Amino acid sequence: MDLTLKVWRQDGPQARGRFETYPVQGISADMSFLEMLDIVNERLITEGVEPIQFEHDCREGICGSCGVMINGKAHGGHERTATCQLHMRTFKDGDTIVVEPWRAGAFPVIRDLVVNRSALDRIIEVGGFISVNTGSAPEANMLPIPKEVSDAAMDAAECIGCGACVAACPNGAAQLFTSAKLQHLNLLPQGQAERWQRTVAMVEKMEEYFGGCTNHGECQVACPKGISIDFISYMNRDFIKGKSLNRRLGGQGLAK
Amino acid sequence: MVTLDARIPDGPINEKWESHRFNMRLVNPANKRRFTVIMIGSGLAGASGAASLAELGYNVKVFTYHDSPRRAHSIAAQGGINAAKNYQNDGDSVFRLFYDTIKGGDFRSREANVHRLAELSVNIIDQCVAQGVPFAREYGGLLDNRSFGGVQVSRTFYARGQTGQQLLLGAYSTLMRQVGLGTVELFPRQEMLDVVTVDGRAAGVVVRDLVTGEVSSHAAHAVVLATGGYGNVYYLSTNAKKSNATAAWRAHKRGALFANPCYTQIHPTCIPASDDFQSKLTLMSESLRNDGRIWVPKDPADTRPPNQIPEADRDYYLERMYPSFGNLVPRDVASRAAKRQVDQGRGVGPKRNGVYLDFAEAIQRLGRKEVEERYGNLFEMYDRITDEDPYETPMRIYPAIHYTMGGLWVDYNLMSSIPGVFVAGEANFSDHGANRLGASALMQGLADGYFILPYTVGDYLAGLLGQKAPGTDHPAFVEARKGVEEQTRRFLSIKGTKSPDHFHRELGKIMWEQAGMERSKAGLEQALRDIPALRADFDRDLRILGTGDSLNDSLEKAGRVADFFELGELLIRDALHREESCGGHLRIESQTEDGEAMRDDEHFSYVGAWEWTGDGQPQALHKEALTFENIHVAQRSYK
C-alpha cells in the first residue's frame, strides 16, 4: 500500500518542532507500524536525511518503550494495542497518517518522537515498593492470598508504564498509572504495612509533575493493557483515608 | 598468561555454598560505605544485584541504556520461574532440579554452580512473594505451579503469561526504593562503552550519554556486568531490538575470557518472518505443542490451502520420526526437524518458511471452548500478527534464536578473569551448559543478583580495604575515553551509503545459515571468509547521518553491530573447534546413523574459554575441564 506520513520532527528539547511529510510506497499489510517506520528510516538514510528517532525495544507490547500519537490517538487507538503491536492492515491504501510524540507537559520532547518519561520513575521511588530487604522474606506459602485478590492485583500490575494514559488525558494526568501501581501493592496483604504512607507519597509526588484528573476516562481507552479506571477510585479512597486519619493510632481500624 | 581457576569450594556438593559463605570475608558496615560498585544493566540480575548491594550499605551506581530500568529485556519472559519448593508433593527436590538442569544442559555445565542455583531457587520465590509479585494462586490461596519443558514435576511458578514482567517489576521496585533512599545513583540512557582496568583490576567504566553524546568516566572498586545475552548477533531473534553484547565484548577485549560462545538456544515455536524487513521474531509458548500437531504437505509442489489437503497427503514428520515423544520432542530436535523440512522445499506459507501447527484434531477432541481456555491468548496474539485465525487454519511456526548460554567466563564467585569485574545473569556462561531448560533463565538472573553477588562482591572488596581506588584522571581512564570518542568520530566520518541495519541483517543471514541449528566444518569455514569481507564493507561503506552530540539511534547501532561482527566471528570459531553435537546444536560430522546428535565426551567435556589477543588476531583457547561426581553422564534419546 502507498501512504503519506506526516511526522513531527524536532531536533532537540529546545528546538522548534515541525511536521515533515514523507510519501511511503510499497508497504505490506503484514508489517508492523514500527517496521513501516524502519523502512521510512532506511529510505531517509539513503536520501541523506536524518532518520526519525523513535522509542522501541521488545516489539511485542510488554516493555512499554514505544508509544506515539497516531492520527491523534495514543498507540493508534485500537483496543489493548501498543504501537509495536499495531499492524499496517489497520490502515487503507492512500491513507495519510499523522505521527506525533506523546503530548503531555510532564513528558518533554527529547528528539522527534522520543519523550522523557522519567517523572513516572520519580513516582515509584517514593513508594512504589514493599520495603523488604533481600534475605528477610518469610516462606512464600505462609501467607495464603485469595485467588480473586491476587488476580485483581495482577490486573493492576500488568501496567507497562508506557505513558499512553497521560498522553491521552486532556489534563496530562497520571492517575491511571499511579493508581495501577498503588493498587497492585495496596490490594495484597504484603502491601498493608505501608499502604497509607505509600498512597500519600505517590499521589503527592504525582501531583508535582502531572495534571489533575477530571474523569474523562480517555486513559482507560488508550491503555494497551486495558487497565480499569476503577483503580483510580480506590486510589482516591486510600488517599483520603491516608491523609485524614492518624496512622500511628489508627491501627487496623484504618484498613476497614 | 591466563589460568582458569573456577575456585570451586571443597566438600560435598550440597555443602559447598554453605561452607563457602562462611569462608568468604565480610566487610563491616562502616567500611561498606567506602566502597563503590558499578552495575551495568537493570534487568533481573542487575536490578536485584544493585538493590541487594545497596541494602548492605555499598554505594551503587546503575547504568542502563533504557529510559527506565523497568524496560530491560527480562520483562519479556513469558513462561515462568523454576524453584524446587516441592509444593506439589510430586517428588521434586533441590537435587532433582540440579539433576534436570545438568542433564538439560547436555552435561556441559559446572556441577557446583548448578547445585547452588537449585538451592537458592526456593529463596527467590520467598523474596518475590514478599515484594508483592502476584504469582498465580490456587483457590485455597496458595501458590500454583505448572510443568514446563519436558521435566516430570510441576515446579514452575508463573504470573499469567508475563512472569518476567512481574519479576522484573519486583526487582525494579526494590531498586527504586534504594534510589529514593539515595544509596543507588541511577544513570538512565547511558551506554557502557569500555571497562577500565588499572594494574589488571577493575577500576571503572566509560559511558556515553545517549541524549547528549557526552562521554564520561566513573571509578569504582568493582564493576558488575548484567547486560544480557548476544542473541541479536543473528539479527532476527526473539530478543528486544536494543539487546546487544557491547558491554560484555568490551570487557572481553580488556581481558575477560568469553566462554562457549557457540552455545545458543533456538526456540521451535516462533512466528515465521513475513517479509525481508521483518525486525524481530515473536515467540509463542512451547505449551502449544502439547495439543497441536506439526505437519507439512508430502509433496513440495502442493500449494492447496491447508484445510484442503487430505490426511493422506500430509506428513506429520515428528510423529513419524519419533513415535514415543512425537510432537513433544525437546526444543532442539523439533527445531532441527522443522529446518530440514523447509530446506527440502516443503515449507509452508507465502514465503515457504514455516511448518504447520494444527489444532483441528485438538478442537475435535477437546472442543473449541477447552482449546480456547488453554491457548486463547496465544491464538489471539497469532491472529493479531498474521491475520489468520488458528481455530480455522493451522498456525505456521518456525524456530528462532531465543537465548545464549555462552557468555563471559566466571568463576564460582561470578568473577570474570579480570579481578573485580563480575558478570551476572544471561551475560555469564555459568549455569546452563549447552542448553537451557525452560523457566530457568529468570531463576538464574535472580539467584545471581539477590543471593550470590551480595556475598561474593563483598568478599572481593574485603581484600581492597585500605587501598585507594584510582580516580578518573588516571591515564587508563583518559585513554579509554579517547578510544570511545575516537570510535564515534570514525563512524561519523566514513560517510558511505549503507545503514547499520543493512550490515546487521547481512551478518545475521551468515550467522543463521552457518551457525544456526546445524553446523558443518565447510559452512563454518565459509562464514569465516564471509564475515571479514562484510566487516570490511562496513568499515568502508557505513553511513551515519547527524552528529555525535544528540540522540542518534544509528550511531548507537553502529557500535553494537561492530561488536557483533567480532563476536560473530568468535562464535563461528568456537563452533568450528567443537567437533561434537551437544545441547541445541547438531554438528553434521558428529551424528548417529539415524541422524541424531552425538556428543563426544572424550574430547569435548570442557568449557571453551577464549582470550582476546589483539585486533585482527585469532583468540586463544583455554579449557576448563568439567568433572561430574554426582551425576551419571548419559547420551540423550527421544526415539
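Remember, predicted model here, so these are calculated numbers, not experimental data. (Residues numbered from 1 in each chain as written. Chains lettered and ligands numbered in written order. Predicted model: local features only at pLDDT ≥ 70, side-chain atom pairs only at ≥ 80, totals over all residues.)

**Structural notes on the interface of chain A and chain B**
- At the interface, 61 residues of chain A touch 61 residues of chain B.
- Mapped onto the side of chain A that touches chain B, the elements with two or more residues apiece are α1 (33–46), β6 (109–111), α2 (118–125), α3 (147–157) and α5 (175–186) of chain A.
- When residues in the side of chain A that touches chain B are grouped by element, the largest group, six residues, is from α1 of chain A.
- Residue composition of the side of chain A that touches chain B, by class: 26 nonpolar, 19 polar and 16 charged. (Contact = placed C-beta atoms within 7 Å. Helix = DSSP H or I, 4+ residues; strand = E, 2+ residues; numbered from the N terminus. Nonpolar A, V, L, I, M, F, W, Y, C, P; charged D, E, K, R; others polar.)

**Here we look at the sheet that holds strand β3 (residues 81–82) of chain B**
Residues and elements named next belong to chain B.
- If you trace the three strands from one edge of the open sheet to the other, you get β3-β5-β4, paired in antiparallel fashion. Only two strands of the sheet have a single neighbouring strand rather than two, namely β3 and β4 (146–147).
- Of the strand pairs in this sheet, β4 and strand β5 (residues 154–157) are connected by two bridges, and their pairing is antiparallel. In the sheet register, Arg-146 faces β5, and the bridge partner there is Thr-156. (Pairing = 2+ DSSP bridges.)

**Focus: the pairing of strand β2 (residues 18–24) of chain A**
Residues and elements named next belong to chain A.
- Burial within β2 is sparse, with just zero of its seven residues counted as buried.
- Here seven bridges tie strand β1 (residues 3–9) to β2, and the two strands are oriented antiparallel to one another. From the neighbouring strand, Arg-9 faces β2, where its bridge partner is Arg-18. (Buried ≥ 20, exposed ≤ 12 C-beta atoms within 10 Å, placed from the backbone.)

**Concerning the nonpolar core**
- The biggest cluster of nonpolar side chains holds 273 residues, and the ones touching the most others in it are Cys-165 and Val-166 of chain A together with Val-37, Val-224, Leu-225 and Leu-408 of chain B.
- Top element by residues in this core is helix α12 (residues 441–462) of chain B. It accounts for 12 residues.
- Those residues in contact with Val-166 of chain A that lie beyond four places of it in its chain are Trp-102, Ala-104, Ala-106, Phe-107, Gly-172, Ala-173, Ala-174, Phe-177 and Phe-210 of chain A. (Core = buried A, V, L, I, M, F, W, Y, C linked by C-beta atoms within 7 Å.)

**Overview of the packing of helix α3 (residues 44–56) of chain B against helix α6 (residues 163–181) of chain B**
Residue and element names in this part refer to chain B.
- Interhelical geometry of α3 versus α6 gives an angle of 35° and a closest axis separation of 8 Å. As for the relative orientation of α3 and α6, their crossing is left-handed in sense. Mapping the contact onto sequence places Leu-44, Ala-47, Ser-48, Ala-50, Ala-51, Ala-54 and Glu-55 in α3 and Leu-167, Leu-168, Ala-171, Tyr-172, Thr-174, Leu-175 and Gln-178 in α6.
- When the residues that make up the contact of α3 with α6 are grouped by side-chain class, the tally is 10 nonpolar, three polar and one charged. (Axes fitted to C-alpha atoms, helices over the stretch in contact; angles between N-to-C directions. Left-handed = near helix turned anticlockwise from the far one by under 90°.)

**Regarding the domain arrangement of chain B**
Residues and elements named next belong to chain B.
- Split into domains, chain B comes out as domain 1 (267–401) and domain 2 (475–600).
- Here domain 1 and domain 2 have C-alpha centroids that lie 30 Å from each other.
- Taken together, the six residues of domain 1 in the interface contact five residues of domain 2.
- Here the residues of the side of domain 1 that touches domain 2 are counted per class, giving one nonpolar, one polar and four charged. (Domains from an automatic or database assignment.)

**Description of the environment of Asn-123 of chain B**
Residue and element names in this part refer to chain B.
- When you line up the elements, Asn-123 lands in helix α5 (residues 111–131).
- Under the C-beta neighbour-count criterion, Asn-123 is labelled partly exposed, with 19 such atoms within 10 Å.
- Between the C-alpha atoms of Asn-123 and Lys-85, which are 38 residues apart in sequence, the distance is 9.3 Å.

**Thoughts on the sheet that holds strand β6 (residues 184–187) of chain B**
Residues and elements named next belong to chain B.
- If you trace the five strands from one edge of the open sheet to the other, you get β6-β2-β1-β10-β18, paired in parallel fashion. Whereas interior strands pair on both sides, the edge strands pair on one side only; in this sheet they are β6 and β18 (421–423). Averaged over all adjacent pairs, the angle separating strand axes in this sheet is 20°, with direction ignored.
- As paired strands, strand β1 (residues 36–40) and strand β10 (residues 222–225) are joined by four bridges and run parallel to one another. What sits directly across from Ile-38, in β10, is Val-223.
- Across the face of the sheet, α3 comes into contact with β1, β2 (59–63), β6 and β10 while running at roughly 160° to β2.

**Some thoughts on the confidence of the model for chain B**
- Taken as a whole, chain B shows an average pLDDT of 95; of its residues, 99% reach a score of 70 or greater.
- Across the interfaces of the predicted complex, the ipTM metric reaches 0.97, alongside a pTM of 0.97. (pLDDT = per-residue confidence, 0-100.)

**A look at α3 of chain A**
- Among all positions in α3 of chain A, only Ser-150, Ala-152, Ala-153, Met-154, Asp-155, Ala-156 and Ala-157 of chain A are buried.
- In this structure, the buried side of α3 of chain A is in contact with α5 and α8 (230–244) of chain A together with α6 of chain B.

**Examining the pairing of β2 of chain B**
All names here are of chain B.
- Most of β2 sits inside the fold, with four of its five residues counted as buried.
- Note: β1 against β2, five bridges, orientation parallel. Directly across from Met-39, in β2, lies its bridge partner Val-62.
- On the question of chirality, the crossover connecting β1 to the parallel β2 by way of α3 is right-handed.
- Relative to β6, β2 runs parallel, the two sharing four bridges. Paired with Phe-63 across the strands is Phe-187, a residue of β6. (Right-handed = clockwise from strand over helix to strand, strands pointing away.)

**Things to note about unusual backbone geometry**
All names here are of chain B.
- Here Asp-106, not a glycine, exhibits a phi torsion of approximately 55°, which is positive.
- With respect to the helices and strands, Asp-106 occurs in the loop between α4 (94–104) and α5.
- Judged by C-beta crowding, with 25 C-beta atoms within 10 Å, Asp-106 ranks as buried.
- Although it is not a glycine, Tyr-235 sits at a positive phi angle of roughly 60°.
- Relative to the assigned elements, Tyr-235 resides in the loop between β10 and α7 (246–253).
- A count of 23 C-beta atoms within 10 Å places Tyr-235 in the buried class.

**Considerations on the domain arrangement of chain A**
All names here are of chain A.
- Looking at chain A, the domain boundaries give domain 1 (3–111) and domain 2 (117–255).
- A C-alpha centroid distance of 30 Å is found between domain 1 and domain 2.
- Between domain 1 and domain 2, the contact holds 17 residues from the first and 17 residues from the second.
- Grouping the amino acids of the side of domain 1 that touches domain 2 by side-chain chemistry returns nine nonpolar, six polar and two charged.

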